[in-house]
Amino acid sequence: MNTVKVFKNATIINGINSDVVKEGMVVVDNDRITYVGEYNAEYLKLHENEQLEVIDVQHKIIMPGMIDAHVHLTLEGEAQYLEKLIVEDAKFTILKGLKKAEKMLRAGFTTVRCVGEKGQIDVHLRNAINAGIVNGPNILASGKAITTTGGHGDMLPDGIRFDGISTIADGMSNVQLAVREQLKLNVDNIKLMATGGGMSPGDAKISQLTVEEMAIAVKEAEKFDIVTAAHAIGREGINNALQAGVRTIEHGTYIDQDGIHFMKNHDVFLVPTLAAFKTIKYGEAAGVPKHHLEKVQSFERAHIDNLKRALDAGVKVITGTDAGTPFNYHGENAYELEALTNVGMTPMDTIIAATSRAAEALKLEDRGVLKEGYIADLIIVDGNPLHDIMLLQKKVEKVYKNGQEVTFVE
Ligand SMILES: [Zn+2]
C-alpha cells in the first residue's frame, strides 16, 4: 500500500517564482506532488482515512531537486585526464561513473544532463537507474558528443582513434549517421562541438561543425523531440550553432550582441559552466597542462563580461558545471549557484536557474517545480539559501527523487 507523505512546518521555495511560503505544507502521493501551500488542516481532514506519513520539517527549506545541465561521468576532476581516457576500459569507467552519479544525487541534484561520455556510459547508467537497479539522479544521456576530425575531443595524433567522449563525423551525411547512432541508443540529448575547446590543444575559438552539419543534427534530434546542446566558445561558432537551431549554448564565452539577441528572441538557453574555471585556481602547480591553463585564463575575463551582457539582455541562463573537468568534482555541483551570484544573479534567480528554468531548457515538463501534479523531486535544506547560497553546498539534508527518500550506503 502506498503511503502519502505530508511535509509540515516547511518553508517552501517553489523553484518558479520568488514567493516563499513560511508555514508551508507539501503532500506527495506516490511519485507526484498533490498539494503545495500553507498548512491546510482541511486537506488533512479530507484525507484522514489514507495512510499518512507526516514528516515535520522543522521550518527547514523544501525546494525542488536541482538540475545540472552539463556534466561528464567519464571524467573525474583530474588535472591530466587524457591517458586514463585512452587506456581505461569503458566497463570500468561505468562503475566509477555510478559513484559519481550518486554523489551528485546526494548533493541535491536529482537530474543531470551528460554531454559526452566514453562508451556511452550515461545511456547504460540511466537505464540501470531507471530500472531501479542502482541509485542515481535522473540522467539525460547524450551518448557521445559529435565532433569533427581534429576538432574538440579529437586531440590525438593522426591514426589514433579511441573510445573517448566524442565521435568524429565530417560532412552532413556522416553527422547524420553519428546522430542516428546516438538516437538508436535512445539518448535524451544530442551534443555538438561547434568550436575548439579549453581541454583540447589548438585554438578554442575556431569554428568546427558547420551550420549545415549542425542543422541536420538538430533536425534528426527534433524528430524524436529531444534537445540539442552546442559546445561553443568562439563568436562565429556560437552564431553557427544558433542558426542551426540548437536548444542550449554551452560555455558561450565570446558571444556577441547578435548572439545575445538571437538567444533572447528564440528562447535559446545559456549554460555558462562557471565551475569549469576552478582550473585557474589550482593551476599549473597542480599539473594542469599549460595549453589548457593559458587558454582558460585568457577566456575568463571575456566570459564573465559577456555573461553579464547576456543576463542584462534577459537571456535565460541555467546551471551546468562541466563536472569532471579539472578540480571540478561531482557532488560539488551547487558551487555553480554561488558562482552565478558572483556575476550578479540573486540567490533566488540562481535557484530558479537550477530548477524550473533548467527543466524548461531540457523540456522536462513535469520536473523542476514544487507544484501540484509535478514529479516529487525535492530536497530539504537546513538553513535559508536565499540568505547564504553556499548552504546548498553544505546543508542539503534529505533528497527525495520520484517521491521516494534516497538512502545512501557509506
Ligand atoms: Zn563539457
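Being a predicted model, the structure only gives us computed values, none of them experimental. (Residues numbered from 1 in each chain as written. Predicted model: local features only at pLDDT ≥ 70, side-chain atom pairs only at ≥ 80, totals over all residues.)

A. The overall build of the chain, seen in detail. Counting its regular elements, the chain contains 14 helices and 18 strands. C-alpha extents for the chain along the principal axes are approximately 70 × 45 × 45 Å. In the chain, buried positions account for 53% of the 410 residues. Long-range contacts, defined as pairs at least 24 residues apart, comprise 68% of the intrachain contacts of the chain with a sequence gap of at least 6. (Helix = DSSP H or I, 4+ residues; strand = E, 2+ residues; numbered from the N terminus. Buried ≥ 20, exposed ≤ 12 C-beta atoms within 10 Å, placed from the backbone. Contact = placed C-beta atoms within 7 Å.)

B. Here's a closer look at the domain arrangement of the chain. You can read the domains of the chain as domain 1 (4-64 + 370-405) and domain 2 (66-361). In this structure, domain 1 and domain 2 have C-alpha centres spaced 31 Å apart. Here the side of domain 1 that touches domain 2 takes three residues from strand E17 (residues 396-401), the largest share from any one element. A breakdown of the residues in the side of domain 1 that touches domain 2 according to their chemical character gives 12 nonpolar, three polar and two charged. (Domains from an automatic or database assignment. Nonpolar A, V, L, I, M, F, W, Y, C, P; charged D, E, K, R; others polar.)

C. Structural detail: helix H6 (residues 211-223). The end-to-end C-alpha separation of H6 is 18 Å, in line with the 18 Å expected for 13 residues at 1.5 Å each. Among all positions of H6, only Glu 213, Met 214, Ile 216, Ala 217, Glu 220 and Ala 221 are buried. Along H6, the residues classed as buried sweep out an arc of 160° about the axis, all on the same side. Buried positions along H6 lie against strand E9 (145-147), helix H5 (172-183), strand E11 (189-193), strand E12 (227-232) and helix H7 (235-244). Backbone geometry just downstream of H6 places Asp 225 in the positive-phi region, at approximately 55°. (Expected span 1.5 Å × (residues − 1). Arc of directions from axis to C-beta.)

D. View of the sheet that holds strand E8 (residues 138-140). If you trace the three strands from one edge of the open sheet to the other, you get E6-E7-E8, paired in parallel fashion. Every other strand in the sheet has two partners, leaving strand E6 (66-71) and E8 as the edge strands with one partner each. Strand-to-strand twist in this sheet, taken as the mean axis angle between neighbours without regard to direction, amounts to 20°. Pairing between strand E7 (residues 109-114) and E8: three bridges, direction parallel. Paired with Thr 111 across the bridge in E8 is Asn 138. (Pairing = 2+ DSSP bridges. Axes fitted to C-alpha atoms, helices over the stretch in contact; angles between N-to-C directions.)

E. View of unusual backbone geometry. Positive phi outside glycine occurs at Phe 327, with the angle close to 65°. Assignment of secondary structure puts Phe 327 in the loop between strand E15 (316-317) and helix H11 (335-342). Residue class for Phe 327 comes out partly exposed when judged on the 19 C-beta atoms lying within 10 Å of it. One non-glycine residue with positive phi stands out, namely Asn 402, at about 50°. Relative to the elements of secondary structure, Asn 402 occurs in the loop between E17 and strand E18 (404-405). For Asn 402, a count of 18 C-beta atoms within 10 Å translates into the label partly exposed.

F. Broad picture of helix H3 (residues 90-106). Between its first and last C-alpha, H3 extends 24 Å over 17 residues, near the 24 Å set by a 1.5 Å rise per residue. Residues Thr 93, Ile 94, Gly 97, Lys 100, Ala 101, Glu 102, Met 104 and Leu 105 constitute the buried set of H3. The secondary structure elements touched by the buried residues of H3 are E6, E7, helix H4 (121-130), E8 and E17. Downstream of H3 by one or two residues, Gly 108 has phi in the positive range, about 100°.

G. Representation of the pairing of strand E2 (residues 20-29) within the structure. Judged from the seven bridges that link them, strand E1 (residues 4-13) and E2 form a sheet pairing that is antiparallel. The residue bridging Ala 10 from the neighbouring strand is Gly 24, located in E2. Remark: six residues form the turn of the hairpin made by E1 and E2, two consecutive strands paired antiparallel; Gly 15 in that turn has positive phi of roughly 90°. Of the pairings in the sheet, the one linking E2 to strand E3 (residues 32-38) comprises six bridges and is antiparallel in character. In the sheet register, Val 28 faces E3, and the bridge partner there is Ile 33.

H. Expanded view of the nonpolar core. Ranked by internal contacts, the top residues of the largest apolar core, which has 118 residues, are Val 26, Ile 62, Leu 192, Ala 241, Val 246, Ile 249 and Leu 370. Each of domain 1 (4-64 + 370-405) and domain 2 (66-361) gives at least three residues to this core. Excluding its chain neighbours within four sequence positions, the residues that come into contact with Leu 192 are Ile 146, Leu 209, Met 214, Ala 217, Thr 228, Ala 230, Ala 241 and Val 246. (Core = buried A, V, L, I, M, F, W, Y, C linked by C-beta atoms within 7 Å.)

I. Spotlight on the packing of helix H8 (residues 257-266) against helix H10 (residues 290-313). It is the contact of H8 with H10, at a shortest axis distance of 10 Å, that shows an interaxial angle of 40°. Here the hand of the crossing between H8 and H10 comes out right-handed. Between H8 and H10, the contacting residues are Ile 260, Met 263 and Lys 264 on the first element and Arg 309, Ala 310 and Ala 313 on the second. (Left-handed = near helix turned anticlockwise from the far one by under 90°.)

J. Broad picture of the packing of H5 against H6. Here H5 crosses H6 at 30°, and the two axes come no closer than 9 Å. Taken as axis vectors, H5 and H6 run roughly parallel relative to one another. Where H5 crosses over H6, the two elements pack in a sense that is right-handed. Of the residues in H6, those touching H5 at Met 172, Val 175, Gln 176, Val 179, Arg 180 and Leu 183 are Glu 212, Glu 213, Ile 216, Ala 217, Glu 220 and Ala 221. For the contact of H5 with H6, the class distribution of residues is seven nonpolar, one polar and four charged. (Parallel < 35°, antiparallel > 145°, perpendicular 65-115°, else oblique.)

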